[in-house]
Amino acid sequence: MKVLFERYAYEEGEIPNGILKVSDISDITYTNQSKGKVELCCVGYYHDVASKETIFILPKVFIVKMLAFGKYDPRDLFSLSEEHKHLSPQDRTFLFDFSVRLYQAIALYNERNPKNTITSKQTLARVTGRRGEMESTLLDHILALLRFAKEHQSLFIRITTIMHSGRNRIHWIKTIRSTSPVFRDKKPYYLECKTKEKVVNYEEELICLFYSTLDYLGATYHFPVMRNLNYETERPNRIADLIQSGKGTRRLRKIRGQYFSDELVQLWYLLYAFYKRAEDMAQKKEQNEYLLVSDFENVFEDMIDRLIGDSSLPRGLKEQKDGKIIDHIYRDKSLIEGGDIYFIADSKYYKEDNEVKDVSLYKQFTYAKNVIQHNIERPDPTLRYRDEVTEGYSLTPNFLIRAYCPKDLSYSEVGLNLMGIKERCHFKNRLFDRDTLLVLTYNINFLYVLSSYVQSRGSSRGTNYALRATFRKDVIEAFQERYNFYEVKLPQGDSSKEFVKRNFRGLIGKIYQTEVGKLLLALKKGETENEGILKDLQDKEVCNCSAISLEQLAGSHS
């Protein structure tokens, strides 16, 4: 098993030739750099029949400070054999586990995006694969065996208990009749005792072959084989010989008719499928297998969208009129109203040292403006983007999200970190103007996103509502840090419409009336004009401007 990394500069001779000659995507698999350097432009799985080598190409986000996972020279992962002691057993196990999840994520992406068929040479995500005549790759067969072992532990325990009960009990009559004792101190001792077992137990033969196969795969791919059953297994090199010689399938055919339990019949078929594929590849009857994606940012985008996105959206929201496509958009509770608002997000698949630049930020502002315009042209009573009385606009949440490699390599921790906030406006101190927008930038644990995505297979559920709640809370706090909010209470008998008309020039973009008629004033902290605005409202308009926190206002609608 070899591990390579996307967009890492290797010497040209270090890259297996098979990867560089993938016929379906030879033009996009790699790029040649100066001085004989090569960078792989794809992520995924490749099995080379000639070298009998399985190769995983991992995403570039796991190169941290030019080190794999922040602690290994990427070249140290060229081979994960037992002779290479620079990797701990735990790290070898992690690499196999992560590589498998990555493979499953790419396969799931193709299932979720049927237009990107895996057999197509040119697709949106440029995913391509070759699985031979059968639908499953060798890796699929390996994963099926691992799942069976995990899901049928009770079966093996039950069979073992039944088979071994009384198995080693001595048949004394046979022992006395057929063997001679050794006497010591006038007491007989029988050194060769006869037991009650007479026939070959084919169930045990199948299970022993299964566990021997797991031992072989564990030694090859470095996943832990955990079991407490007392079976004698064959050495990994013996299983390798069975595969190389083609005797594994022959051995299984000999015992085919001995099983009546549905679970054991299923196990027989799983083992036979594995050995058949492995033997065909060992004898070069099959071509190289691969499942590679050259634009992994599309897969990462789908992973984030499965985590926070919304699949049921009105036409024209995600695919906008000007040709732009929003990565992620979903409905959630408004920040200042009782209804909902659209949250807009964009996923960024960057290397560790790449920062979010102005182009990405400006795109986010454009996305938000297009969503506002869409909802003004097609008003929805549960989505209030503009107040007609004050001509003020509701607050539109907007953020970017990118992946990083966690130091502890944990799948369970979300690892969401707010990294920065950018603000854009055409006019200062006008929060309720449609051109005043905030964009928050987050880092998220790639391993958590990957694990959540793979686990969502076959399930209608996948949205992480806790994550959505975090985004909403952070957006509220970001606005609260930059603006002071006031509730404006008018004198008795005065109408909001007349009040706004009298003060429109001075309050445009600063005031907003909620659906229930509450007037809100927002003033940018530190602006010199704020004191005069408040004084005029209190003295000339005889208004009561009481401070109110956005958290309090938003919480009243939660």
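What's the story with the sheet that holds strand E18 (residues 417-424) in this structure? I'm lost.
Strands pair in a sheet through their backbones, by hydrogen bonds, and they do so in one of two ways: parallel or antiparallel. One open sheet holds the five strands; their spatial order is E13-E14-E17-E19-E18, and the pairing between them is mixed. Strands at the two margins of the open sheet, each flanked by one partner only, are strand E13 (328-333) and E18. Strand-to-strand twist of the sheet, defined as the mean angle between neighbouring strand axes without regard to direction, takes the value 25°. Alignment of strand E14 (residues 340-348) against strand E17 (residues 398-404), held across five bridges, turns out to be parallel.

Where do I start with the pattern of salt bridges in this structure?
Oppositely charged side chains are able to pair whenever their charged atoms sit close together. According to the stated counting rule, one finds 26 salt bridges in the structure shown. A salt bridge links Glu-388 to Arg-386; the shortest N-O distance between them is 3.6 Å.

Quick question: what am I supposed to make of the nonpolar core here?
Considering soluble globular proteins, one finds that nonpolar side chains tend to be buried as a cluster. Ranked by size, the top nonpolar core spans 145 residues in total, and within it Phe-5, Phe-69, Phe-274, Phe-296 and Phe-446 carry the most contacts. Not counting residues up to four positions away in its chain, the partners in contact with Phe-69 are Phe-5, Leu-58, Phe-62, Leu-77, Phe-94, Leu-95, Cys-405 and Leu-409. Formed by 14 residues, the second largest nonpolar core is a distinct cluster that contains Tyr-486, Val-500, Leu-519 and Ile-533.

Is there a simple way to explain the environment of Glu-263 in this structure?
One can find Glu-263 in helix H9 (residues 262-282). Residues Glu-263 and His-152, spaced 111 residues apart in sequence, show a C-alpha to C-alpha distance of 8.3 Å. If we ignore the near neighbours within four places in the chain, the residues touching Glu-263 are Phe-148, His-152 and Leu-155.

Teacher, can you tell me more about the packing of aromatic side chains here?
The relative placement of two aromatic rings is captured by the distance of their centres and the angle of their planes. If you walk through the whole model with that rule in mind, you get 27 aromatic pairs. On the basis of an interplanar angle of 85° and a centroid distance of 5.3 Å, the ring pair of Phe-62 and Phe-446 is categorised as edge-to-face. Pair noted here: Phe-62 is in the loop between strand E6 (53-58) and strand E7 (63-64) and Phe-446 is in helix H12 (residues 446-455), with a separation of 384 residues, a long-range link. Both residues of the pair, Phe-62 and Phe-446, count as buried. Ring plane angle 40° and centroid distance 6.1 Å describe the contact between Phe-94 and Tyr-411, whose orientation is recorded as tilted.

So what exactly am I meant to see when it comes to the side chain of Asn-530 here?
Tracing the backbone shows Asn-530 in helix H15 (residues 530-539). Note on Asn-530: relative accessible area 9%, which makes it buried. Residues contacting Asn-530, with those up to four places away along its chain left out, are Asn-429, Leu-523 and Lys-524.

Explain the environment of Pro-224 here, please?
With respect to the secondary-structure elements, Pro-224 resides in the loop between helix H6 (202-221) and helix H7 (236-245). Sequence separation between Pro-224 and Phe-96 is 128 residues; the distance between their C-alpha atoms is 10.0 Å.

Would you explain helix H8 (residues 247-254) in this entry?
Since the α-helix packs 3.6 residues into each turn, any two residues three or four apart lie on the same face. Taken as a whole, H8 has its buried residues at Gly-248, Thr-249 and Leu-252. Buried residues of H8, seen end-on, are gathered within an arc of 95° and therefore sit on one face of the element.

How should empty space enclosed by the protein be read in this particular structure?
A probe matching the size of a water molecule, rolled over the atoms, marks out where space remains unfilled. A full pass over the atoms with the stated rule returns two cavities of 30 Å³ or more. Taken as a whole, the largest cavity holds about 60 Å³ of empty space. Taken together, Ile-372, Tyr-393, Ser-394, Leu-395, Thr-396, Leu-431, Phe-432, Asp-433, Arg-434, Thr-436, Leu-437 and Phe-479 make up the full set of residues lining the largest cavity. Within the lining of the largest cavity, the residues separate by chemical class into seven nonpolar, three polar and two charged. As a volume, the second largest cavity reaches approximately 40 Å³. Every residue along the wall of the second largest cavity is listed here: Phe-69, Lys-71, Tyr-72, Leu-77, Leu-87, Asp-91, Phe-94, Leu-95 and Leu-409. By residue class, the composition of the lining of the second largest cavity is seven nonpolar, no polar and two charged.

Please explain a nonpolar patch on the surface as it appears in this structure.
A surface patch of nonpolar side chains, amounting to about 290 Å² of accessible area, comprises Ile-170, Trp-172 and Ile-176. Mapped onto the elements of the fold, Ile-170 is located in the loop between helix H4 (153-164) and helix H5 (172-178). For Ile-170, a relative accessible area of 30% translates into the label partly exposed.

What's the story with a positive patch on the surface in this structure? I'm lost.
Taken together, Lys-247, Arg-250, Arg-253 and Lys-254 make up a surface patch of like positive charges. Mapping Arg-250 onto the fold places it in helix H8.

Would you take a moment to explain unusual backbone geometry for this structure?
Most of the time, phi is negative for any residue but glycine, and the peptide bond is trans. Of note in this structure, Lys-65 is not a glycine but carries a positive phi near 55°. When you line up the elements, Lys-65 lands in the loop between E7 and strand E8 (67-68). Exposure remark for Lys-65: the relative accessible area of 68% places this residue in the exposed category.

So what exactly am I meant to see when it comes to the pairing of strand E19 (residues 437-445) here?
Two faces make up the sheet, and in a regular strand the side chains alternate between them. Of all nine residues making up E19, nine are buried, and the element is well covered by its neighbours. Neither face of E19 is open: one carries Leu-437, Val-439, Thr-441, Asn-443 and Asn-445, the other Leu-438, Leu-440, Tyr-442 and Ile-444, and all of them are buried. Summarising the sheet, E18 and E19 pair through seven bridges and their orientation is antiparallel. Across the sheet, residue Lys-422 finds its bridge partner in E19, namely Val-439.

Calculation rules
- Residues numbered from 1 in each chain as written.
- Predicted model: local features only at pLDDT ≥ 70, side-chain atom pairs only at ≥ 80, totals over all residues.
- Heavy atoms only, no water.
- Pairing = 2+ DSSP bridges.
- Helix = DSSP H or I, 4+ residues; strand = E, 2+ residues; numbered from the N terminus.
- Axes fitted to C-alpha atoms, helices over the stretch in contact; angles between N-to-C directions.
- Salt bridge = Lys/Arg side-chain N within 4 Å of Asp/Glu carboxyl O.
- Core = buried A, V, L, I, M, F, W, Y, C linked by side-chain atoms within 4.5 Å.
- Buried < 20%, exposed > 50% of the residue type's maximum accessible area, 1.4 Å probe, protein only.
- Contact = heavy atoms within 4.5 Å.
- Phe/Tyr/Trp six-rings, centres within 6.5 Å; stacked < 30°, edge-to-face > 60°.
- Arc of directions from axis to C-beta.
- 1 Å grid on protein atoms, 1.4 Å probe; cavity = no way out; pocket = protein on both sides within 12 Å on 5 of 7 lines; lining within 4 Å.
- Points joined across faces, edges and corners; volume = space filled by probe spheres on them.
- Nonpolar A, V, L, I, M, F, W, Y, C, P; charged D, E, K, R; others polar.
- Patch = residues over 30% accessible without salt bridge, like charges linked within 9 Å, V, L, I, M, F, W, Y side chains within 5 Å.
- Areas by Shrake-Rupley, 256 points an atom, 1.4 Å probe, with all protein chains shown as cover.
- Lys, Arg positive; Asp, Glu negative; His and termini not counted.
- Charge placed at Lys NZ, Arg CZ, Asp CG, Glu CD.

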